[in-house]
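# Structural overview
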Amino acid sequence: MRRRRFLTATAGVAATTVAGCITQSDDGDDSGSGDGTLTTPESFEGELTVATYGAFVDSPSTSPGGWVKEAFEEEYPDVTLNWEVAENGVTEFVQRASRDASIDADVYLGLNVDDLVVADRELDDSLFMSSDAYALDNGDAVRDDLRFDPQSRAVPYDTGYITLVYDENEVDEPTSLDALTTDPYQGTLLAQNAQSSDPGRAFMLWTVNQYSADGYLDYWRDLVDNDVRIFGSWGDAYDAYSQGQRPMVVSYSTDQVYANRNDQDMSRHQVAFPNGQAYANPEGMAVFEASDSPALGFEFLDFVLSPAAQGEIAVRNVQLPATDHADLTDEFDQYALEPDEAVVFDYDELAGNLDGWVSEWAREIAGN
Amino acid sequence: MSRTGRAVAALEHHAVGTVAVAAAVTVALVFYLPVGIVLSEAVTVVPGVPPGVSVAPLIDVLTDEFYVGALAGVAADPLAVGRHAGNVLDWADAFLAGETGLPEFGLFGFTAYQALVSTVASVALGLPGAYVLARFEFPGRRTLRSLTILPFILPSVMVAIGFVATFGREGLLNNSLAAVGLPPVDLIGSLTVVVVAHAFYNAPLVTRVTVAAWETVDARAVETARSLGASRRRAFVDVVVPQLLPAVLTGALLTFVFTFMTFPIVLALGGLDLATVEVWVYALLRNLNYEEAAALAVLETAVSLALTYAYLRYEAAQASGSRGATPPDRVPLVPSPRALLSPSRLAVLAYAAVAALVFLGPIVSMVWTSVAGPDGPTLAYYEFLVQRQVEGTAVQTKPWPAVRNSLTFALGTLAVALPMGVAVALVTTREFRGRTVLGAIAMGPIAVSGIVTGVGLLLGPVFGIPLGGGYRLQVTGAVAVVAAHAVAAYPFVTRSVAPPLRRLDPAMVESARALGASRARALLDVELPLIAAGVVAGAAFAFAISVGEFDSTVILAEGADSYTMPVAVERYRGRRLGPATAMGTVLLAVTSASFVVIDRLGGRFERG
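Throughout what follows, the structure given in this document is the object of discussion. (Residues numbered from 1 in each chain as written. Chains lettered and ligands numbered in written order. Predicted model: local features only at pLDDT ≥ 70, side-chain atom pairs only at ≥ 80, totals over all residues. Heavy atoms only, no water.)

## Re the packing of aromatic side chains
Evaluated as defined, the whole model comprises 37 aromatic pairs over all chains. When the centroid spacing of 6.3 Å and the interplanar angle of 80 degrees are considered together, the rings of tryptophan 83 of chain A and phenylalanine 300 of chain A count as edge-to-face. Here tryptophan 83 of chain A, found in strand 3 (residues 79-85), pairs with phenylalanine 300 of chain A, found in helix 9 (residues 294-304); they are 217 residues apart in sequence, far enough to count as distant. Here tryptophan 83 of chain A falls in the buried class, since its relative accessible area comes to 12%. Using a relative accessible area of 0% as the deciding quantity, one classes phenylalanine 300 of chain A as buried. A ring pair is formed by phenylalanine 163 of chain B and phenylalanine 167 of chain B, whose centres lie 5.2 Å apart and whose planes are at 35 degrees; its orientation type is tilted. Of this pair, phenylalanine 163 of chain B and phenylalanine 167 of chain B are both found in helix 9 (residues 156-167), four residues apart, which corresponds to roughly one turn of the helix. Each of the two residues, phenylalanine 163 of chain B as well as phenylalanine 167 of chain B, counts as buried. (Phe/Tyr/Trp six-rings, centres within 6.5 Å; stacked < 30°, edge-to-face > 60°. Helix = DSSP H or I, 4+ residues; strand = E, 2+ residues; numbered from the N terminus. Buried < 20%, exposed > 50% of the residue type's maximum accessible area, 1.4 Å probe, protein only.)

## Focus on a nonpolar patch on the surface
Together, Val43, Val45, Val53, Val55 and Ile59 of chain B give the surface a local cluster of nonpolar side chains, amounting to about 410 Å² of exposed area. When you line up the elements, valine 55 of chain B lands in the loop between strand 2 (52-54) and helix 2 (56-62). (Patch = residues over 30% accessible without salt bridge, like charges linked within 9 Å, V, L, I, M, F, W, Y side chains within 5 Å. Areas by Shrake-Rupley, 256 points an atom, 1.4 Å probe, with all protein chains shown as cover. Salt bridge = Lys/Arg side-chain N within 4 Å of Asp/Glu carboxyl O.)

## So, unusual backbone geometry
A positive phi angle, near 55 degrees, is found at aspartate 100 of chain A, a position not held by glycine. Here aspartate 100 of chain A lies in the loop between helix 4 (90-98) and strand 4 (107-111). With phi around 60 degrees, leucine 288 of chain B is a residue other than glycine that occupies positive phi space.

## Details of the interface of chain B and chain A
Contacts between the two partners involve 66 residues from chain B and, on the opposite side, 63 residues from chain A. At the boundary of chain B with chain A, total buried surface from both sides reaches about 5,900 Å², with 53% on carbon and sulfur atoms. For the pair chain B and chain A, the number of links is eight salt bridges. Two residues, glutamate 292 of chain B and arginine 363 of chain A, come together in a salt bridge whose shortest N-O distance is 3.8 Å. Here chain B and chain A share 17 residue pairs in polar contact (both at pLDDT 80 or more) between them. The element contributing the most residues to the side of chain B that touches chain A is helix 1 (residues 3-39) of chain B, with eight residues. Here the side of chain B that touches chain A is built from residues that sort into 35 nonpolar, 14 polar and 17 charged. (Contact = heavy atoms within 4.5 Å. Buried area = accessible area lost by both parts, 1.4 Å probe. Polar contact = N/O pair within 3.5 Å; in protein donor to acceptor, adjacent residues only side chain to side chain. Nonpolar A, V, L, I, M, F, W, Y, C, P; charged D, E, K, R; others polar.)

## Description of the packing of helix 23 (residues 477-503) of chain B against helix 26 (residues 532-548) of chain B
All names here are of chain B. Running from N to C, helix 23 and helix 26 cross one another at 155 degrees; their axes reach a closest spacing of 8 Å. In this view, helix 23 runs roughly antiparallel relative to helix 26, as classed from their interaxial angle. Crossing of helix 23 over helix 26 shows right-handed handedness. For the pair helix 23 and helix 26, contact is made by His485, Ala488, Ala489, Phe492, Val493, Ser496 and Val497 and by Gly534, Val535, Ala537, Gly538, Phe541, Ala542, Ile545 and Ser546, respectively. Here the residues of the contact of helix 23 with helix 26 are counted per class, giving ten nonpolar, five polar and no charged. (Axes fitted to C-alpha atoms, helices over the stretch in contact; angles between N-to-C directions. Parallel < 35°, antiparallel > 145°, perpendicular 65-115°, else oblique. Left-handed = near helix turned anticlockwise from the far one by under 90°.)

## Notes on the environment of leucine 269 of chain B
You can see leucine 269 of chain B is positioned in helix 14 (residues 264-269). Residue leucine 269 of chain B is classed as buried on the basis of its relative accessible area, which comes to 0%. Put simply, leucine 269 of chain B and serine 342 of chain B are 73 residues apart on the chain and 39 Å apart in space, counted from C-alpha to C-alpha. Ignoring sequence-local partners within four residues, the contact set of leucine 269 of chain B consists of Phe231 of chain A together with Ala160, Phe163, Val164, Ile188, Gly189, Val193 and Ala197 of chain B.

Okay, here's the thing in structure tokens:
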């Protein structure tokens, strides 16, 4: 008797605990999916969830997230903007979609072309809606050379240029990628893993562009012979650079904006554009197919493209704006450097090739 | 008997069994199920009648020279024993003639090689520490012993920053070398610095488990040996060493398994040319290449589980013979200033210098970075923390919630992992067939890589496991974080508790039971006080693992409300190191204080 009572009590507690973990998905239909276009409602209300990467809402400098939320809610007083940090970026949503788990975000901010390639490779249906479905007032201001999605789902909102940052007290400006394999630059370069780091991948793609898919591994063999060091993330490589470990690092062309803001010695933050080039890495935003309020999502995209938001985001995120009408300070213009020529692979070149290039590259380096 | 009295009696009667069942359910739900989801990708079911099973991804890995080097040929055609033997003989001839070098064993070979070197380094650095702590008495000895657990909780990103600052070109080591006129050494990105970082993490573990064993060495046996004419050295080798060996091997095995699955340290301090299997698993999973990642992870897990199983068999074989609890007396480290010049004291001083460089160097460098501005000492980074706390928006990470969450989760982990670990230890120390296999299964969380567990948690409990009819079993939030931490931590409780439990005289429990004590009462009144030291050690480990855990916390802590101190450190990291190092220093202070408290309270309990 005692045993039964005991077991019942235990089972009861266990059942309650487990029951709290069971959820039922609401199979609400996706308003806005399909080929139709969306119309602008007369007023907006409710909540908008925007997923993004951590640094956008919480970086040691003043990240743009707080400003964007405040300004957007001011413009749409009945709307609450919620940020959601996606620790694994778009990958997490691709995994969710492929496992039929719920997606509660309406917009993703911080997409690059690789993300789209991977999402389209893994999923039968598109993760994002086409922006053609909605009339964006500021859509025409986006620079054409930065548009990276042939299906115009992702709309660029800023861009970085990946290139070399060097300490002019220790090395001369490298004028070409070839120069990096020569003697003066032996043991000077810090780069990042193209498997795990955006700048690392951009730099590798730049070498594919320069030396072709057949020749880039030879170039990297020369770089390895010249003692390039490849770290797992931009942060680790930049830490080593900051500590004077080596005089040159693969980084962003906006490096001086940061250095200037923090009163650092500018001679240690010189930006080189080998061959007058740098690799463009535009960041985009897109509305999820699974969004409950896609019209509001596109209103958010439009807001981010407005002159005021473009200027504010560029400065706070230390990237260049993606539009030609951003409100920028002279100081930002002075220190945010742009190359004469931007190198970039488009979506079609990457879809089908990216995996192979990255994997061959990684095996080449790790096999040494 | 009153109703409540009966309930308490029933609870006591079934307590051990209930905790064991609850432990099994928790482990299944937040460990084996998630890991199974990931690893099952390596095996595909081929439709047909009857359905077949394809292990193609596994075979692909085993026959890929990049992964297994010279073994690829063997795996491709395992039955051609004669040909393989011939190849080995040919190689041996060529090698002896000096015409060829050692064969390459690919990524797995390199991973095992660096793990072996790391293990040797950790034991070499950890054992003298155990000797000093066990044999000498000096002020701060107990605190120092408590702090041996600290490296466990330091997030690898902080350790990497500290290592670059200590061993980098402008670092402490090179400045010291320059001061005595020696040329600088360039260590960052080399295997050396990765091995030293592994020793930083694991040598204290070796020290900790060895000191614990040393303190239970039976001094009377040493005296007996001495009185029978054995020299001091002879008595040490014949009496003390056999009693320490299991502990040293525990430390070495754990070190090997950890460094075999090493990942963040290699990513942060080594180049890609030092990549390990785990680094590859991480890259493949990130790229959603589940098949190949799972195949690699299966092989990696097989290696570490096999080692764990072999060790458990060894440990069981060592368990015979009970020990007295009369440890040898410690001698004062500094009886007089002149005594410092004796050879053994000089050796201790030399060791202290090396240990200070390896352990204090990175920690001091990190703390120093938190107060070193571009123009001299500054408190600006701490001001940043305070300002963030006061003015931070809802989306930004604030310091105080991080501290609060870390401590709450750690206490929750203690509350869950201690009973779990003790229950598992009780079950696996009983005599029954398959005990070692069960023991190895229970040790799974140590033997499976954090990356695989993390991704499994995401794909399983976090996204929700479909139950049919639109229902999903979903585990997220604080409960999930505590469950995941407890699962990661309980094997350490078990490992701390099982050896002393096995040495207990079963007659004591039996007499208590014969005198009418329930099983739970016997456990509380007889067994636990006798294994208190092990439980306290396990508690410290559980606390440390919870505070230091990063991967699954990030995945499980959905929303902004359940971030911990290591997560905050990572989020504060940008181009400037200052704010992250300030938060790292807060982490260091909070957890150091916690450990001293745990050890002191535990000490009282032990003596009690």
